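Fold and contact review
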Amino acid sequence: MSRPDKTVAAPSTPAPRFAMGWAALAYAAATMMLAYPALSGQFLVNPASDQYIAGFAFRDFALQSIRAGAGIPQWNPYMFGGLPYVAAMHGDIFYPTQLLRLLLGTDVGMTWGFILHTFLAGLFTYGFLRAWGLGFIPALVGGMAYLMSGPIASYASPGHDGKLFVSALLPAALWLLVRGIRDGRHWAWGAFALVVGLAVLSPHPQLLQYLLLTSGAFALFLAAGSDRDGTAIDRRTGVRRMVLALAAVLIGMAIGGIQYAPVREYVAWSPRVGRDYAYATSYSFPVIELLNIYLPQFTGILNKYWGPNGIHLHSEYLGGPALLLASAAFGGAPRRSFRRFWLGTGIVSFLWMLGGSTPFFLLIYELVPGTKFFRAPSTIIYVFAFVVSVLAALGTERVIAREVSRRLIFAWLGVGAVIALLATTGALTSVARGGATTMSELIAEQNGYPATAVPQIAEQLANDNAGAVIAGGWRSFAFLALAAGAMLLWLRGTIPVRVLGIALAAIIAIDLWSIGRLYWQFSPPARTLYASDPVIELLRKEPQPGRVVVVGGSGEGVKHPDPYYGTNMMGSGTGLMVHGIRSVLGYHGNELGRYDKLTALRLAGGAPVTLSPAFWSHENARYLYTNRAVADSGLKLLAGPVQNSAGSTVYLYRLPGDNPYAWVATGMAQAPDSQVLPAVVDPRFDPRRIAVFSDTSVLQIAKLTAAPPANSITTTTSAFGPGHATIALSEPAPAGATLVVSENYYPGWGATVDGTARPVYRADYNLIGVPLPAGARTVELTFRDAAIGNGKAITIVAGLLALLALAGGVVMDRRQQLV
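Below, the structure is looked at part by part. (Residues numbered from 1 in each chain as written. Predicted model: local features only at pLDDT ≥ 70, side-chain atom pairs only at ≥ 80, totals over all residues. Heavy atoms only, no water.)

**Overview of the sheet that holds strand 12 (residues 715–721)**
Pairing within the open sheet is antiparallel, and its five strands lie in the order 12-13-19-15-16. Every other strand in the sheet has two partners, leaving strand 12 and strand 16 (756–758) as the edge strands with one partner each. Going across the sheet, the axis of each strand differs from the next one's by a mean of 25°, ignoring polarity. Here strand 15 (residues 749–753) pairs with strand 16 via three bridges, running antiparallel. Following the sheet pairing, valine 753 is matched in strand 16 by threonine 756. (Pairing = 2+ DSSP bridges. Helix = DSSP H or I, 4+ residues; strand = E, 2+ residues; numbered from the N terminus. Axes fitted to C-alpha atoms, helices over the stretch in contact; angles between N-to-C directions.)

Pasting the structure below:
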């Protein structure tokens, strides 16, 4: 092995004046290289992303509620039969980005939330590295490598803002642990609690888990190490500071009480109960995509993707220059323990993100609390990206000290050249032809092609991406060569250290930007994306509440992506929610599990139950929103064809039957859910005769000996809104009657009947049932989640404790300095 070139002495590299300011300026410039279209008012939303289909609607709903003086809504009535807004988690409800939306509007606030946190990811990494003692240039390079890395910069594409928030907060948490445990700064504990609290409120529990695990491991490393002066931290001091760190974590977790107290109550009601290992390992990082870390075009970028996942809106690219510098971190005694810690963290996060591809994840699944509720272990890649960035900073430090062998640099150039040649000769495309099976099968299924067409589709996918792979191979090599050239010039003493630092930071920024920019897709403002049309205006004028069945999603007349039709034939979009219109389905992922079971039923011919008249009656479905004219005498055309804001064709039909929001059932019965579920969508079941309650209900109901008579009572709904409705009966209720309301039951619904509070129960499998006294005429329903109030109190107390700890710590530290 050749020795490092030290023929020219390594100079001291003092930080410039206003070093933090210069770093912030560099990171702001790099961020705006990605984000500059936002300056003209464009909306940072990929039309294929979750934000376009649902995220904007969720956030705008809360904004409009706040502006109307109603505060944060507690119930979302616009999809899946209704679901709790806070408990079911609709994004960053209580995170500070809510303030951005209040000040700037939903779309602009969402856009700048991404921009701000991308910038902070770099700045916090720089602060952490400087706190550890690295020089200005290594810290600048490390922060740039993290900020612009594929896992961080590409969060904007799928719209995963919660992931970005936690990823940006990770280096901030580590920075504060250095100040608290190693440096003994008292103020750090209050600040650390606030950072943990923000991560809890992000809210992304899975990435929060990774942040806490990484922070916990680093805290143990610090407590067993040395203080700022190099003196070993004694055991008593180490234990005391670990206890303070744990207390700060507990306070930080409590800060999230307003979000997670309702979530805790909701878990048993959600569809995530009873998940298995297959679920937990779904969306593991595919081994075949590891090459994307260096060659991002290998499995295809965005619409050229051919890999094993059905969708790929993110990037794994870390860049040749950053990987070269990270490999240069190894060797020599300085920072050996620090380097080993991050190497170990990198190995664990690497194996973790591979998920079910290795037996290692079996240990994680069995031993790490919370893992069974999550999927996509690949999302821990942000920790791996951070490790690479820290190692790149350490490598830069060793390059500046001229402790890096030229052989390492030339070895990387050789590897880069081989990959470029393999791409040019078509070898990598041949691998793609064999690996594109999963995506080809998905395409064949979606388009109705026979299984025999899969090989041809795979070949076509690989061939369509071949040119990009060749160009990408040489692009990656070119940036690797630029970084290697700068390092070799420095080792020879040809360029000054300042030029080396600027060159490395700029090469990394431009290299990563050249890929990351593809994932920052801007769209017109929300007022254009979700503009109204004649169908929407007609639905908004309807005097009585009614849900919409959306059928479309593919074929002639639908422009994809479309936030109204969504991504499948049964309308998975939530565009109608933007206009305050209720859909039978939608797009969420954490809706009430009971409603999922209901809509999963199939009719005798295999059609979805959502197309049956019995379901329409059960779920207050009164309209059909579709892309094609329907020749059915039972349907009344109300409007169409018209174009919606996405350019798709819309016909609006009135479904047969009255299908009211509420009705009166003459009698009551009890039965197990296994019997009630199929019965409520059976055409033979008459919901106006019998309201069926669960056999586990506390209601004491006499067994029916004969079918109750039908009744002629009709209902009128007024003051309808999220979590509220007033229902008037056309006639006094008979004794033993029940008002059944077509809204999902969930604890928190309360009722007053003619001004007197009455209990609410679950009826007809998933709906609200209010037993009525004889003569009842008016029922008022209100939803109040008690867990939100309890959580709010916890959040306020914990937030005050964190602020007091921060202020008190500042005072204590100043007193110590004066002594």
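**Concerning the environment of alanine 121**
Among the secondary structure elements, alanine 121 is positioned in helix 4 (residues 106–132). A relative accessible area of 0% means that alanine 121 is categorised as buried. A C-alpha to C-alpha distance of 6.9 Å links alanine 121 and tyrosine 146, two positions 25 residues apart in sequence. Excluding its chain neighbours within four sequence positions, the residues that come into contact with alanine 121 are Tyr146, Ile152, Ala168 and Pro171. (Buried < 20%, exposed > 50% of the residue type's maximum accessible area, 1.4 Å probe, protein only. Contact = heavy atoms within 4.5 Å.)

**Some details on the pairing of strand 15**
Burial along strand 15 is one-sided: Trp749, Ala751 and Val753 are buried, and none of Gly750 and Thr752, which face the opposite way, are. Here strand 15 pairs with strand 19 (residues 778–783) via five bridges, running antiparallel. Opposite threonine 752, over in strand 19, you have glutamate 780 as the bridge partner. Hairpin connection of strand 15 to strand 16: two residues between the antiparallel strands, including aspartate 754 at a positive phi of 50°.

**Things to note about the environment of leucine 512**
With respect to the element layout, leucine 512 can be found in helix 21 (residues 497–516). Taking relative accessible area as the criterion, leucine 512 reaches 2% and is therefore assigned buried. Each C-alpha atom, one on leucine 512 and one on aspartate 107, is 26 Å from the other, the two residues being 405 residues apart in sequence.

**Here's the deal with the side chain of serine 157**
Mapped onto the secondary structure, serine 157 falls in the loop between helix 6 (150–153) and helix 7 (161–182). For serine 157, a relative accessible area of 0% corresponds to the buried category. Sequence-distant contacts of serine 157, that is, excluding residues within four places in its chain, are made with Asn46, Ser49, Leu302, Leu313 and Tyr519.

**Observations regarding the nonpolar core**
Core analysis: the largest hydrophobic core is formed by 225 residues, its most contacted members being Phe128, Leu177, Phe218, Trp342, Tyr382 and Leu739. Each residue touching tryptophan 342, except ones within four places of it in the same chain, is listed here: Phe128, Leu174, Thr214, Phe218, Phe386, Val387, Val390 and Leu391. Counting residues in each nonpolar core, the second largest holds 26 residues, with Phe43, Ile536, Ala639 and Leu652 among its members. (Core = buried A, V, L, I, M, F, W, Y, C linked by side-chain atoms within 4.5 Å.)

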